[in-house]
Amino acid sequence: MGNLKAKFAAKALPLSTEIKQFVKENGQVALGTFTVEDVYAGMKGIIGLLTETSLLDANEGIRFRGYSIPELRALLPKVPGGTEPLPEGLFYLMLLGEMPTYDDVLAIQADWNSRAEVPQHVFAAIDALPVHTHPMTQFSIGIMAMQTDSQFAKAYREGINKKDYWDPTFEDVSNLLARLPRVAAYIYRRTYKNSEHIAPQEGLDWAGNFAHMLGFDQVEFYKLMRLYLTIHADHEGGNVSAHTTHLVGSALSDPYLAFSAAMNGLAGPLHGLANQEVIRWVLEMREEIGQHPSKEQIADYIHQTLKAGKVVPGYGHAVLRKTDPRFLAQQEFAKTYMPDDELVNIVWNIYEVAPPILESTGKIKNPWPNVDAHSGALLLHYGLNEYDFYTVLFGVSRALGVMASMLWDRALGSPIERPKSVTYEWLKKTVEAKKTSA
Ligand code: CMX
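Residues numbered from 1 in each chain as written. Predicted model: local features only at pLDDT ≥ 70, side-chain atom pairs only at ≥ 80, totals over all residues. Heavy atoms only, no water.

As for the overall build of the protein
Reasoning step 1: Helix and strand counts for the protein stand at 20 helices and 2 strands.
Reasoning step 2: Relative to the 2.2 N^0.38 estimate, which gives 22 Å for 438 residues, the radius of gyration of the protein is 22 Å and therefore close to what a compact globule would have.
Reasoning step 3: For the protein, the residues scored as buried account for 51% of the 438 residues in total.
Reasoning step 4: For the protein, restricting intrachain contacts to residue pairs at least 6 apart in sequence, the fraction spanning at least 24 positions comes to 76%.
Reasoning step 5: Accessible area for the protein stands at about 20,400 Å²; split by element, carbon and sulfur atoms hold 55% of it.
Reasoning step 6: Measuring between centres, the 41 positive side-chain charges of the protein sit 6 Å from its 50 negative side-chain charges. (Helix = DSSP H or I, 4+ residues; strand = E, 2+ residues; numbered from the N terminus. Rg over C-alpha atoms; globule rule 2.2 N^0.38 Å. Buried < 20%, exposed > 50% of the residue type's maximum accessible area, 1.4 Å probe, protein only. Contact = heavy atoms within 4.5 Å. Areas by Shrake-Rupley, 256 points an atom, 1.4 Å probe, with all protein chains shown as cover. Lys, Arg positive; Asp, Glu negative; His and termini not counted. Charge placed at Lys NZ, Arg CZ, Asp CG, Glu CD.)

Laid out in structure tokens, this is it:
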């Protein structure tokens, strides 16, 4: 058994017993009530999920196992002489709740490298699609094609004991994470670079190798990928991609099935696809107005977008009520490496202009930028200008968080998810009955 796997088992399995006892003793403690309005509000604010890997505070932003993004950037292991954290280390932290050493990260790299070979039929499945297929569709299908190798599906068919579910799931998760950058890079090179593929390079870290296989070997781009794949990894459990992984996984679907489903959710423009929509919107604005749009011109364009009944992409959030610290981390990166970039400066000007306009509508609960408002400008700076691909980058990162959570779901024996739904008739009758008895 690999070192990380043994540590996970030593931590997760006793905790499973402890939690069962906790629920037995405290299961009846009331946590609050919910209202008719809540039923129509996409379950926002209702506590109904358990996710150990990260926790979101509306004002402060995300903390991964208690660590904020600036803390992660300072404390997670880096390549020697490096400035950005290694996302493999974040996976270790999310899985075990302990800060890894550099050796722990090297051990994960070695393990994932040994699993990184993608079966040929996965590439064939992707190649069967028209080349103009959206990269997220190719990604989802590529992940599905890898499912043929699922150790969990095989073990289940052979009659595995439920207390051992976590073990083949661990194998699937490790294989999936090891292979995902290769699949994503394959889609990029196939779609935009005439299928001139680049083999992985030995000795590189997970993010560095991904950058290399995409065809971007600048040291700064490696740094950007390490930061990018760290900050997009997790955002507690209720966002569409994390929740989908948990929901689909709760039916004992294996990690490939659950993660592919999650990517279909990430591909929605209100979630991960917003990162491509932001840059599309900015480029369209620049096309209409010309280079270096003034703040007044940006403000007019925002008004125009709202008037057309469209959202301003990259702004707003279902939980956050302040500027997303993931936006700020990217802004800090840009201030260091590209302070004079024209598009980056447009993004910063939008940040000054958009919030008061959005606030003045009186209905948008959070007028501040989210993670997607900044990422495209950084990628464009280094020449990754095929913005339909951006959500795939988000997806590679998101795998770290949702797969760590899935391992906990399996180790704790989480039940099938099945919230109660009601009808409008039911709501009306219930409200009526309450009014009569009051
Ligand atoms: N531009 C215009 N209108 C917006 C808006 C924005 N950026 N953000 C919210 N609104 C609107 C909503 O559409 C809603 O309008 P209606 O009442 O007409 O339906 C109203 O304001 C209230 O919405 P809310 O409660 O503030 O926001 P929600 O929790 O419903 O939605 C989100 C959150 C992110 C979907 C929304 O802010 C949005 O559409 N933002 C733009 C897309 C985006 O950037 N998504 C990425 C989010 C981060 C991620 O998952 O990657």
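Looking at the nonpolar core
Reasoning step 1: Membership of the largest hydrophobic core comes to 116 residues, with the highest contact counts inside it found for Phe8, Phe91, Leu95, Phe139, Phe259 and Leu384.
Reasoning step 2: The element best represented in this core is helix α19 (residues 390-411), accounting for 14 residues.
Reasoning step 3: In this structure, Phe91 is in contact with Leu4, Trp112, Val173, Leu177, Leu400, Ala404 and Leu407, ignoring residues within four places of it in sequence. (Core = buried A, V, L, I, M, F, W, Y, C linked by side-chain atoms within 4.5 Å.)

Section: the pattern of salt bridges
Reasoning step 1: Evaluation of the coordinates by the stated rule reveals 22 salt bridges.
Reasoning step 2: Ionic pairing is found between Asp205 and Arg226, a salt bridge with its closest N-O pair at 2.8 Å. Residue Asp205 is found in the loop between α9 (166-192) and α10 (206-214), and its partner Arg226 is found in helix α11 (residues 219-231); the two are separated by 21 residues along the sequence.
Reasoning step 3: The class of Asp205 is buried, set by a relative accessible area of 4%.
Reasoning step 4: Given a relative accessible area of 8%, Arg226 falls into the buried group.
Reasoning step 5: Between Arg280 and Glu284 there is a salt bridge, with its nearest N and O atoms 3.4 Å apart. (Salt bridge = Lys/Arg side-chain N within 4 Å of Asp/Glu carboxyl O.)

Things to note about unusual backbone geometry
Reasoning step 1: We note that Arg65 has phi near 45°; this positive angle belongs to a residue other than glycine.
Reasoning step 2: As for its placement among the helices and strands, Arg65 is situated in the loop between β2 (61-64) and α3 (69-75).
Reasoning step 3: Of note in this structure, Ser195 is not a glycine but carries a positive phi near 55°.
Reasoning step 4: Structurally, the position occupied by Ser195 is in the loop between α9 and α10.

Here we look at the environment of Leu96
Reasoning step 1: Inspection of the secondary structure puts Leu96 in helix α4 (residues 87-96).
Reasoning step 2: For Leu96, a relative accessible area of 3% puts it in the buried group.
Reasoning step 3: Taking the C-alpha atoms as reference points, Leu96 and Asp217, separated by 121 residues in sequence, lie 32 Å from one another.

With respect to the pairing of strand β1 (residues 54-57)
Reasoning step 1: Burial along β1 is one-sided: Ser54 and Leu56 are buried, while Leu55 and Asp57, pointing the other way, are not.
Reasoning step 2: Both β1 and β2 contribute to a ladder of 4 bridges, which runs antiparallel. Following the sheet pairing, Leu55 is matched in β2 by Arg63.
Reasoning step 3: Adjacent in sequence and paired antiparallel, β1 and β2 are bridged by 3 residues. (Pairing = 2+ DSSP bridges.)

Details of the packing of aromatic side chains
We describe a pair of aromatic rings using the distance from one ring centre to the other and the angle between the two ring planes.
Reasoning step 1: By the definition in use, this model includes 19 aromatic pairs.
Reasoning step 2: Plain terms: the ring middles of Phe123 and Tyr186 are 4.2 Å apart, the flat faces sit at 25° to each other, and that makes the pair stacked. Taken as a pair, Phe123 in helix α6 (residues 120-127) and Tyr186 in helix α9 lie far apart in primary sequence, 63 residues in all.
Reasoning step 3: Tyr186 gets classed as buried once you look at its relative accessible area, which sits at 8%.
Reasoning step 4: Residues Phe152 and Tyr165 carry aromatic rings whose centres are separated by 5.5 Å and whose planes lie at 80° to one another, so their mutual orientation is edge-to-face. Taken together, the positions of Phe152 in helix α8 (residues 151-157) and Tyr165 in the loop between α8 and α9 put the pair 13 residues apart, joining distant regions of the chain.
Reasoning step 5: Overall, Tyr165 belongs to the buried group, its relative accessible area being 12%.
Reasoning step 6: Members of the aromatic cluster, each reached through a chain of ring pairs, are Tyr188, Tyr192, Phe216, Phe221, Tyr382 and Phe389.
Reasoning step 7: Across the ring face of Phe152, the terminal group of Arg410 is positioned such that the distance to the ring centre comes to 5.2 Å. (Phe/Tyr/Trp six-rings, centres within 6.5 Å; stacked < 30°, edge-to-face > 60°. Lys NZ or Arg CZ within 6 Å of the ring centre and 35° of its normal.)

Let's talk about a nonpolar patch on the surface
Reasoning step 1: A grouping of Phe34, Val36, Val39, Tyr40, Met43, Ile46, Val422, Tyr424 and Trp426 is seen on the molecular surface, where their side chains present a nonpolar patch of about 910 Å² in accessible area.
Reasoning step 2: When residues of the nonpolar patch are traced back to their parent elements, those giving at least two are α2 (36-39) and α20 (424-437).
Reasoning step 3: Looking at the element boundaries, Val422 is found in the loop between α19 and α20. (Patch = residues over 30% accessible without salt bridge, like charges linked within 9 Å, V, L, I, M, F, W, Y side chains within 5 Å.)

Structural notes on helix α5 (residues 102-114)
Reasoning step 1: The terminal C-alpha atoms of α5, which comprises 13 residues, lie 19 Å apart, in line with the 18 Å expected from a rise of 1.5 Å per residue.
Reasoning step 2: The set of residues buried in α5 consists of Asp104, Val105, Ile108, Gln109 and Trp112. All buried residues of α5 project into a common sector of 140° when viewed along the axis, lining one side. Facing away from the buried side of α5, by more than 90 degrees, are the exposed residues Asp103 and Ser114.
Reasoning step 3: Taken together, the buried residues of α5 touch α1 (3-26), α4, α9, α10 and α19. (Expected span 1.5 Å × (residues − 1). Arc of directions from axis to C-beta.)

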